[in-house]
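Chains, contacts and geometry: an overview
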Amino acid sequence: RKYGNDATDLVVLDDDVLDYVMQQGDDAVEALARWSKEDLLAHGPALALRAKKDAEVLASIKKLTSSGPVDPKKLTKEQQALIEAIATNSTQYADNGQVVLGKWVDNSSGFVQTAQSTGSIHYNPHPDMWTMLGRLGEENQEEVAWLINKQVVQNGIDKGLPFEYTLNGIPTKNMLDEGNAVEAIFDGATDTEIKDILKVKSVPIRMKELIELKNAGYQYVFDESTNSYILMLP
């Protein structure tokens, strides 16, 4: 009754979960209500625990998109601070020991599944982030979204953390190309060569993350037991 039709999907959550979120404030309830009913059913308690941080993310994005023109190559100090805050509050299991990267599928598959099952650090932003960044225009939407993603990776690099690039979520038919692309990056492949290997028109975000790690001096080994690349500083 208090939060209106936008919060009707929240009725799928247990009373104690709802009570917890309401204690975090109206902004947390609103952020939680923006997840799909399917996500709330599958991950309700976990989403409730991060609702306050999600609310802070949405507030930071609102400030960023209303701060005036955003030039991704020449951010103001305020804009950079907002990007850092968004990245930090969109990082899950932030105090744990390794960062998991890979292909985005959904909240129950791909690299997110691997990260959640191992309690590992990973970037999994609120679903409204992309839509809200659309206020910047299509080109800046993509560039700023990457800057936030890149900041998450940089935070792990700054701490010298190990990274795991999982192949979870990669279709079997594409597995060979994916592995070839990963290894080509660490052999110094150009963007054009990476796109040719993957048969895509633009370099995927997950490959950009690996390029950042390669440029930071990380090296990899392949772990057959987990079907993933383990990346560490020498």
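Our structure is the block above this text.
An account of the accompanying structure is given in this report. Just so it is clear, the model here is predicted, and its values are computed rather than measured.

1. Some thoughts on the packing of aromatic side chains
A complete count under the given rule lists four aromatic pairs for this structure. Summarising the aromatic geometry, the rings of Tyr 220 and Tyr 229 are spaced 5.5 Å apart at their centres and angled 70 degrees between planes, so their arrangement reads as edge-to-face. Here the aromatic residues Phe 186, Tyr 220, Phe 222 and Tyr 229 are joined through ring pairs into a cluster of three or more. Directly above the ring of Trp 146 sits Lys 208, whose terminal nitrogen or CZ lies 5.6 Å from the centroid.

2. Comments concerning the nonpolar core
Counting residues in each nonpolar core, the largest one holds 23 residues, and the members touching the most others are Phe 163, Tyr 165, Met 207, Leu 210, Leu 213 and Leu 231. Only strand S2 (99-101), helix H8 (138-158), strand S4 (163-166), helix H9 (175-185), helix H10 (191-198), helix H11 (205-215) and strand S6 (228-232) provide two or more residues apiece to this core. Leu 210 has contacts with Tyr 165, Val 182, Ile 185, Phe 186 and Leu 231, leaving out every residue within four places of it along the chain.

3. A few points about the pairing of S4
Where burial is concerned, the two faces of S4 agree: the one with Phe 163 and Tyr 165 and the one with Glu 164 and Thr 166 are both buried. Pairing between S2 and S4: three bridges, direction parallel. Bridging across to S4, Val 100 finds its partner in Glu 164.

4. Things to note about the packing of helix H4 (residues 51-65) against helix H5 (residues 77-89)
Their axes nearest at 9 Å, the elements H4 and H5 cross at an angle of 155 degrees. Taken together, the axes of H4 and H5 are roughly antiparallel relative to one another. The handedness of the crossing between H4 and H5 is left-handed. Only Gln 79, Leu 82, Ile 83, Ala 85, Ile 86 and Asn 89 of H5 make contact with H4, whose side of the interface consists of Lys 53, Glu 56, Val 57, Ser 60, Ile 61, Lys 63 and Leu 64. Looking at the contact of H4 with H5 residue by residue, the class counts come to seven nonpolar, three polar and three charged.

5. Structural notes on unusual backbone geometry
One non-glycine residue with positive phi stands out, namely Tyr 93, at about 50 degrees. Counting through the fold element by element, Tyr 93 comes out in the loop between strand S1 (91-92) and S2. With a phi close to 60 degrees, Lys 199 is a non-glycine residue in the positive phi region. Its place among the elements puts Lys 199 in the loop between H10 and H11.

About the cut-offs
- Each residue is numbered by its place in its chain's sequence as written, counting from 1.
- This being a predicted model, a pLDDT of at least 70 is required before a residue's local features are given, and a value of 80 or more before pairs of side-chain atoms are given or counted; all residues contribute to the totals for chains, interfaces and linings.
- With hydrogens and water stripped out, all remaining heavy atoms of the structure feed into the side-chain values.
- Ring pairs shown here join Phe, Tyr and Trp side chains whose ring centres sit within 6.5 Å, with only the six-membered ring taken for Trp; geometry is labelled stacked below 30 degrees between planes, edge-to-face above 60, and tilted in between.
- Lysine and arginine charges are scored as sitting over a ring when NZ or CZ, respectively, is within 6 Å of the ring centre and within 35 degrees of the ring normal.
- Residue types Ala, Val, Leu, Ile, Met, Phe, Trp, Tyr and Cys, when buried and joined through side-chain atoms within 4.5 Å, form a set referred to as a nonpolar core.
- Using a 1.4 Å probe on the protein chains alone, a residue whose accessible area is under 20% of its type maximum counts as buried, one over 50% counts as exposed, and one in between counts as partly exposed.
- Comment: elements are numbered from the N terminus, with helices defined as DSSP H or I runs of at least four residues and strands as E runs of at least two.
- Any pair of residues with heavy atoms lying within 4.5 Å of one another is described as a contacting pair.
- Two strands are said to pair when DSSP picks up at least two bridges between them.
- Angles run from 0 to 180 degrees between N-to-C directions of axes, and those axes are lines fitted to C-alpha atoms, restricted for helices to the stretch in contact.
- Our angle categories are set so that under 35 degrees counts as roughly parallel, over 145 as roughly antiparallel, 65 to 115 as roughly perpendicular, and the remainder as oblique.
- Should the near helix be turned anticlockwise from the far one by less than a right angle, the crossing is left-handed, and should it be turned clockwise, the crossing is right-handed.
- When residues are grouped by polarity, Ala, Val, Leu, Ile, Met, Phe, Trp, Tyr, Cys and Pro land in nonpolar, Asp, Glu, Lys and Arg in charged, and all others, Gly among them, in polar.

So, to be careful, I would describe these as geometric facts and stop short of saying anything about function.
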